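Here's the letter readout for the chains.
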Amino acid sequence: MTVASQVKQTLASLKGARGTLRVYSTQTRDDETRSEFIDALEETNLIIEDLEKRLQTLELKEPQYKGN
Amino acid sequence: MQESAQIVLKSIALFFLVWAAIRLMGKRNMSQISPFNFVSYIVIAIVAALMSINLINLIYGFIALLVWVAFPIALDYISIKSKVMHELINGKEAVLIKHGKIMEENLMSVRMTGEDLLAQLRSKNAFNMADVEFAVMETNGTINPYLKSDKKPVTPHDLGIKVAPQAEPQTVVLDGNMLEEPLASLGLNPQWLATELDKMGVSLENVFLGQVDSSGDLYLDLFDDAVELPQPKVKEMLYATLEKSQADLATFALQTEDTEAKAMFSKNSRRLEDLLNKLRPYLLH
């Protein structure tokens, strides 16, 4: 497995986690817990952005692995 | 014959009258009433009984009932308004154990023996006198012990563990019937319930009890106990996914040679680690 596809895999599972966090940040009734989930959601978003940027550079550097 | 018909009618009328009077006197648990209230209940009962079998004059009986209903209500009202009257009417609580020592005079004044005290403490799960720091007899006769701090049950606070605050669960299905009101109070609609039940592969008629916990997960108990239901494990899964991603990022940071990417990966790995620490009480409990 290439680096790019490994990063892609992690990115995918992080996106899945983001989805679950989003569900909990809407359906949780306790205010404190909900704001905790919303914070976590934002944090995860930042990480995902960073990874996506890295993925772009990787694909630029190793175009042969693009799309894997 | 006429007299028995009269008794029937009187009894029915008095039944409702006494019922209304007792409701009027308050909504306290029978075991928590003060001795004085207990006496008024008995007097009301006896007067009503005598009236219904024609042993006393109806009018005299009504007068007596009126007094015995009105006075407790009036006294209750006064004792709410005035602290002094409250103590006068209901008495004052008596301290029976202080600093771990039994106050014999107070025990005497509430007319209790040592055995009585021990029995009462045992009923509150305080078997060992040495564990009790303080005990008080309330005005209604119950004894409440306060245990020494090293004998008290451990709370998460004592252990320094952070736990997620939780709202009360709402029952949304009972006996195969959907309960609309609690569902609506959660901001959910019947379609949501239908979807959730569909996901677990059960129909509404087979559900004995369904509760939605504070994080919005549905817990079900079926009529058929042989069916094994998957219990919601979404939060544990989420935690595991985040943990795995964190480990992945740490690996990338080690593997990559690009210094900029290395810094980025280790920064995000640390970020995710902090996030996991923060979420642990909410996701794993």
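See the structure shown above.
Residues numbered from 1 in each chain as written. Chains lettered and ligands numbered in written order. Predicted model: local features only at pLDDT ≥ 70, side-chain atom pairs only at ≥ 80, totals over all residues. Heavy atoms only, no water.

(A) Structural view of the overall build of chain A. Scanning chain A from N- to C-terminus turns up two helices and zero strands. For chain A, with 68 residues in total, the buried portion stands at 41%. Across chain A, the fraction of contacts at a sequence separation of at least 24, relative to all contacts at a separation of at least 6, is 59%. (Helix = DSSP H or I, 4+ residues; strand = E, 2+ residues; numbered from the N terminus. Buried < 20%, exposed > 50% of the residue type's maximum accessible area, 1.4 Å probe, protein only. Contact = heavy atoms within 4.5 Å.)

(B) View of the pattern of salt bridges. Residue and element names in this part refer to chain A. One pass over the full model with this rule turns up 14 salt bridges over all chains. Close ionic contact of Asp-31 with Arg-34 constitutes a salt bridge, the shortest N to O distance being 2.5 Å. Residue Asp-31 and its partner Arg-34 are both found in helix α2 (residues 31-61); the two are separated by three residues, about one turn of the helix. Judged by its relative accessible area of 53%, Asp-31 is exposed. (Salt bridge = Lys/Arg side-chain N within 4 Å of Asp/Glu carboxyl O.)

(C) View of the interface of chain B and chain A. With 37 residues of chain B at the interface, the matching set in chain A holds 27 residues. Each partner contributes to the roughly 2800 Å² buried at the junction of chain B and chain A, and carbon and sulfur atoms together form 62% of this total. Taking the shortest distance from any N to any O, the salt bridge between Glu-32 of chain A and Lys-162 of chain B comes out at 3.4 Å. Seen at the junction of chain B and chain A, the total is 11 residue pairs in polar contact (both at pLDDT 80 or more). When residues of the side of chain B that touches chain A are traced back to their parent elements, those giving at least two are α10 (234-255) and α11 (259-283) of chain B. At 12 residues, the largest contribution of residues to the side of chain B that touches chain A is made by α11 of chain B. Its residues assigned to classes, the side of chain B that touches chain A shows 18 nonpolar, nine polar and 10 charged. (Buried area = accessible area lost by both parts, 1.4 Å probe. Polar contact = N/O pair within 3.5 Å; in protein donor to acceptor, adjacent residues only side chain to side chain. Nonpolar A, V, L, I, M, F, W, Y, C, P; charged D, E, K, R; others polar.)

(D) Representation of the sheet that holds strand β7 (residues 207-212) of chain B. All names here are of chain B. Spatial strand order, β6-β5-β7-β8: four strands in an open sheet with antiparallel pairing. Since the sheet does not close on itself, it has two edges, and those belong to β6 (177-178) and β8 (218-222), each with one partner. Note: β7 against β8, five bridges, orientation antiparallel. In the sheet register, Gly-210 faces β8, and the bridge partner there is Leu-220. (Pairing = 2+ DSSP bridges.)

(E) Expanded view of the packing of α10 of chain B against α11 of chain B. All names here are of chain B. Direction vectors running N to C along α10 and α11 enclose 160°, while the axes themselves pass 8 Å from each other. Relative to α11, the element α10 lies roughly antiparallel. Between α10 and α11 the crossing geometry is left-handed. (Axes fitted to C-alpha atoms, helices over the stretch in contact; angles between N-to-C directions. Parallel < 35°, antiparallel > 145°, perpendicular 65-115°, else oblique. Left-handed = near helix turned anticlockwise from the far one by under 90°.)

(F) The arrangement of unusual backbone geometry in detail. All names here are of chain B. With a phi angle near 55°, Arg-111 is a residue other than glycine that sits in the positive phi range. As for its placement among the helices and strands, Arg-111 is situated in the loop between α5 (104-109) and α6 (114-123). Exposure remark for Arg-111: the relative accessible area of 72% places this residue in the exposed category.

(G) Quick peek at helix α9 (residues 190-200) of chain B. Residue and element names in this part refer to chain B. Buried within α9 are the following residues: Trp-192, Leu-193, Glu-196, Leu-197 and Met-200. In an axial view of α9, the angular spread of the buried residues amounts to 130°, which keeps them on one side of the axis. Exposed residues pointing more than 90 degrees away from the buried face of α9 are listed as Gln-191, Asp-198 and Lys-199. Looking at the buried residues of α9, the elements they touch are β5 (170-174), β6, α8 (180-185), β7 and β8. Backbone geometry just after α9 places Gly-201 at a positive phi near 75°. (Arc of directions from axis to C-beta.)

(H) Up close: the packing of helix α1 (residues 3-27) of chain A against α2 of chain A. Residue and element names in this part refer to chain A. Axis separation between α1 and α2 bottoms out at 9 Å; the angle between their running directions is 160°. When the axes of α1 and α2 are compared, the pair comes out roughly antiparallel. In this structure, α1 meets α2 at a crossing whose hand is left-handed. Class assignment for the residues of the contact of α1 with α2 results in 16 nonpolar, four polar and seven charged.

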